[in-house]
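Residues per chain are reported as follows:
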Amino acid sequence: MSGHQDGRLRARWRRATRFLAAAAAMSIGSAVLTAALTTGTAGASPAPRHGVLAAPAVTSVTAGGAHTCAIRTDGGLLCLGSNYSGQLGDGTTTNRSTPTRVGTATWTGVDAGSGHTCAVRTDGTLWCWGSNFRGQLGDGTTTSRSTPVQVGTVNSWARVDAGPAHTCAVRTDGTLWCWGFNRTSQLGVGSSPYVATTPVQVGTATNWASVSTGFAHTCGVRTDGTLWCWGYSSDGQLGLGTLGSQTTPAQVGTATTWTGVTAGYAHTCGVRGGTLWCWGENGYGQLGASGSFQTAPVQVGTATTWSRVGASGDTSCASRTDGSLWCWGKNSTGQVGDGTTTHRTAPTRVGDATTWTGGPAAADHSCAIRTDGGLWCWGDNSGGQLGDGTTTPQPTPGQVTLPA
């Protein structure tokens, strides 16, 4: 890391401490993958390190600060890893190094924040659990929960995204709702309230398709292909060409071909017509290019076959339409998956498999799904979030054994 990059990182942390003291102590990261399973033959890949593989396949996975959750094809929800705030939803605060099912309900989507988790059930209701000191569970309190609590009574939630201390979700009518910490206007409703313990609607638009929550900013894509960001822009992570804050959603450029966006700690990446773009903080190379921070989207390489991207903390991962998986940025715990702990400033391929489905879930650890529904994780394992029964970090993907 260059002296300039190191200086940028120190400045970044000073700013975070000054503006976000309460939330800065939390682990970073939330990224979610929803995989449409297809048939296919597994390509060359690292050998499984978790023993005999169980049959159940998964359709989605999310990586939190130090925990992992995944939904099986039968709708069952499994969580594992750190559980200091009850974020595994099993009624305890005991860490789990192997997957544990969350109740008996069936689910369609899940996302993990730093210390909390939220998920949508098959009946369209939304439930959250774990840390709640900033109201990020949306249940009207600031009381942490070790089992799922329902967010209101609405049964029309489509998808949810959990950040370190705030949460946002899209309803089936295309409206967008956020709650939790609003110190930097990351809820998109102005500078007030400071904390929202129940969902508040973001504007009046009814064409939101997806949303992604970063540390102190939020971005979303609308059904017309436009991209919007709001919140804190310490390093240009809003992509608006400036630094500072944006209290309500502001459009990023004029393109109408955005298909997905992901918000990391202080950087953002998105896919646009098969091309990949990133902006914001770049101290670890998480933008996929060398150099300093960027206040507007910059293209990552020249490939036009990117399909999905996931970013959290200071690491980014993305998949291509040929089924290959690539990661870059911070790699101190092996989360890039290339067998090293060397930070990467350009996309680095994860093995040689061509059977990765959709995009990855990336944080201080990363997870992804293969076309056969197998779940693979790597990187930090301090809470047992890799599911191998240990707390030893792993710099290459290993398949997670799932309970029947």
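Computed from a prediction, not measured in an experiment: that's the story for all the values here. (Residues numbered from 1 in each chain as written. Predicted model: local features only at pLDDT ≥ 70, side-chain atom pairs only at ≥ 80, totals over all residues. Heavy atoms only, no water.)

1. Considerations on the overall build of the chain
Applied cut-off: In this description a helix means any DSSP run of H or I spanning at least four residues, a strand means any run of E spanning at least two, and both kinds are numbered starting from the N terminus. Any residue under 20% of the maximum accessible area for its type is buried, any over 50% is exposed, and the rest in between are partly exposed; the area is computed with a 1.4 Å probe on protein chains only. Contact criterion: two residues are considered in contact whenever any of their non-hydrogen atoms come within 4.5 Å of each other. The Shrake-Rupley method, run with a 1.4 Å probe, gives the accessible areas here. Residue values count only the displayed protein chains as cover.
Counting its regular elements, the chain contains 2 helices and 29 strands. With 404 residues in all, the chain has 59% of them scored as buried. Across the chain, the fraction of contacts at a sequence separation of at least 24, relative to all contacts at a separation of at least 6, is 54%. Element-wise, carbon and sulfur atoms account for 51% of the exposed surface of the chain, whose accessible area totals about 13300 Å².

2. Some remarks on the confidence of the model for the chain
Inclusion rule: Confidence scores per residue from the predictor, reported as pLDDT, run from 0 to 100.
On average, the chain scores 89 in pLDDT, and the residues at 70 or more come to 86%. Low pLDDT, under 50, characterises residues 1–55; the predicted model gives this stretch 156 contacts beyond four residues in sequence or across chains.

3. Some remarks on the side chain of Thr357
Put simply, the rule is: Whenever two N or O atoms come within 3.5 Å, that pair is a polar contact, provided that in protein one can donate a hydrogen and the other can accept it, and provided that, for residues adjacent in sequence, both atoms are side-chain atoms.
By secondary structure assignment, the location of Thr357 is in the loop between strand S25 (344–349) and strand S26 (361–362). By relative accessible area, Thr357 is classed as buried at 8%. A polar contact of 3.2 Å, which involves the side chain of Thr357, links it to the backbone nitrogen of Thr371.

4. Quick word on the environment of Gln394
Relative to the elements of secondary structure, Gln394 occurs in strand S29 (residues 394–399). In this structure the C-alpha to C-alpha distance between Gln394 and Gly337, which are 57 residues apart in sequence, comes to 8.1 Å.

5. Concerning the sheet that holds strand S19 (residues 267–272)
Stated formally: Any two strands with at least two DSSP-identified bridges between them are counted as paired. Only the stretch in contact is used when a helix axis is fitted, and all axes are lines through C-alpha atoms; the angle between N-to-C directions ranges over 0 to 180 degrees.
In space, the 4 strands of this open sheet follow the order S18-S19-S20-S21, with antiparallel pairing throughout. Across the chains shown, the open sheet's two edge strands, defined by having one partner strand only, are strand S18 (258–263) and strand S21 (294–299). Geometrically, the sheet is characterised by an average inter-axis angle of 15 degrees between neighbouring strands, direction not taken into account. Relative to S21, strand S20 (residues 275–280) runs antiparallel, the two being bridged by 3 bridges. Note on S21: the bridge partner recorded for Gly280 is Gln294.

6. Quick look at the sheet that holds strand S23 (residues 315–320)
Spatially, 4 strands are ordered S22-S23-S24-S25 in an open sheet, and the strand pairing comes out antiparallel. With one partner strand each, in any of the chains shown, strand S22 (306–312) and S25 form the two edges of the open sheet. Taken pair by pair, the neighbouring strands of this sheet meet at an average axis angle of 15 degrees, ignoring direction. Where S23 meets strand S24 (residues 325–329), 5 bridges bridge the pair, whose relative direction is antiparallel. In the strand pairing of S24, Ser319 is matched with Leu325.

7. Section: the packing of aromatic side chains
Note the cut-off: Working definition: a ring pair exists when centres of Phe, Tyr or Trp rings (six-membered ring for Trp) sit within 6.5 Å. Plane angles under 30 degrees give stacked, over 60 give edge-to-face, the rest tilted. In this scheme, Lys NZ or Arg CZ marks a charge over a ring once it lies within 6 Å of the ring centre and within 35 degrees of the ring normal.
Per the stated rule, a full pass over the model turns up 10 aromatic pairs. Considering the side-chain rings of Trp306 and Trp326, the 6.4 Å spacing of their centres and the 75 degrees angle between planes classify their relative orientation as edge-to-face. A residue pair is termed long-range when its members are at least 10 positions apart, and Trp306 in strand S22 and Trp326 in strand S24 qualify at 20 residues. Across this residue pair, the class does not change: Trp306 and Trp326 are buried. Look at Trp356 and Trp376: their rings are 6.5 Å apart centre to centre, the planes differ by 75 degrees, and that puts the pair in the edge-to-face class. Of the two residues, Trp356 sits in the loop between S25 and S26 while Trp376 sits in strand S28 (residues 375–379), which places them 20 residues apart along the sequence. Trp376 gets classed as buried once you look at its relative accessible area, which sits at 4%. Among the aromatic residues, ring-to-ring pairing joins Trp306, Trp326 and Trp328 into one connected group. Between Arg121 and the ring centre of Trp127, over which it is positioned, the NZ or CZ distance is 3.7 Å. Across from the ring centre of Trp157, 4.5 Å away, lies the NZ or CZ of Arg171, which sits over that ring.

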